[in-house]
Amino acid sequence: MKNVFLSICWFAISLTLSPLAWGHGTIGYTQPADGVRVNAGYDDGEPMSYAAVEITAPESDVVFQKGRTDRNGVFMFVPDQPGKWCIVVSDGMGHRLALEHQVESLNPEQKETAPVQPGKPAPVSRREGIVAGIGIIFGLFGLLYGWKIKRRNGK
């Protein structure tokens, strides 16, 4: 039992201290700005620099435009028809962000697109989630171990 406990401790310590263990997700949003501005980033605040972007027009399977974000994770495009535009941002390392932007009208006097649609940031960071999960595991093992000791001493 002692070896199992030590193995779990070493695993937890290596997991919390290893920078490779900290993955991250993506967040992004679109906003009107002489076209449509796409902001893409990771949930730790770092921008998705030079990530591949594909824009698909409403009711179409053909890619309308391809490009890359700038170093700040920003990409701009000018829609040519109203409707729901699909935006996919991929960094080539497995992170993918899919957004939609509703264009209401292309009237030259009214250059308005849909209001800002911010992505929902994670309520808890990935690091906090991992630490909480490890805490729950240790708590459950502690309860189990205490219960076994109580049973052994009670007999």
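Residues numbered from 1 in each chain as written. Predicted model: local features only at pLDDT ≥ 70, side-chain atom pairs only at ≥ 80, totals over all residues. Heavy atoms only, no water.

For the chain, the name recorded in an unreviewed UniProt entry is Nickel transport protein, with Desulfosarcina ovata subsp. sediminis as its organism.

Focus: the UniProt feature "transmembrane region" (unreviewed entry) in the chain
With numbering matched to this structure, UniProt assigns "transmembrane region" (unreviewed entry) to residues 129-147. Counted over residues 129-147, helix gives 100% and strand 0%. Its end C-alpha atoms are 27 Å apart. (UniProt positions renumbered as here; feature names shortened; annotations may be inferred. Helix = DSSP H or I, 4+ residues; strand = E, 2+ residues; numbered from the N terminus.)

As for the packing of aromatic side chains
For the structure on display, the rule yields two aromatic pairs. Pairing Phe64 with Trp85 gives two aromatic rings, centres 4.8 Å apart and planes at 75°, and the pair type is edge-to-face. Here Phe64, found in strand 4 (residues 63-68), pairs with Trp85, found in strand 6 (residues 83-90); they are 21 residues apart in sequence, far enough to count as distant. Looking at Trp85, the relative accessible area reads 0%, which means it is buried. Judged by centre distance (5.7 Å) and plane angle (50°), the rings of Phe77 and Trp85 are tilted. Each residue in the set Phe64, Phe77 and Trp85 is aromatic and connected to the rest through ring pairs, giving one cluster. (Phe/Tyr/Trp six-rings, centres within 6.5 Å; stacked < 30°, edge-to-face > 60°. Buried < 20%, exposed > 50% of the residue type's maximum accessible area, 1.4 Å probe, protein only.)

Considering the pattern of salt bridges
Summed over the entire model, instances satisfying the criterion amount to two salt bridges. Among the ionic pairs, Lys66 bridges to Glu54, the shortest N-O distance being 3.9 Å. Pair noted here: Lys66 is in strand 4 and Glu54 is in strand 3 (residues 52-56), with a separation of twelve residues, a long-range link. Classification of Lys66 as exposed rests on a relative accessible area of 59%. Taking relative accessible area as the criterion, Glu54 reaches 35% and is therefore assigned partly exposed. Measuring nitrogen to oxygen at the nearest pair gives 3.6 Å for the salt bridge that ties Lys84 to Glu100. (Salt bridge = Lys/Arg side-chain N within 4 Å of Asp/Glu carboxyl O.)

Quick look at the environment of Leu106
In this fold, Leu106 is placed in the loop between strand 7 (96-103) and strand 8 (117-118). The class for Leu106 is partly exposed, based on a relative accessible area of 40%. Not counting chain neighbours up to four residues away, the residues in contact with Leu106 comprise Pro79, Asp80, Gln81 and Pro82. (Contact = heavy atoms within 4.5 Å.)

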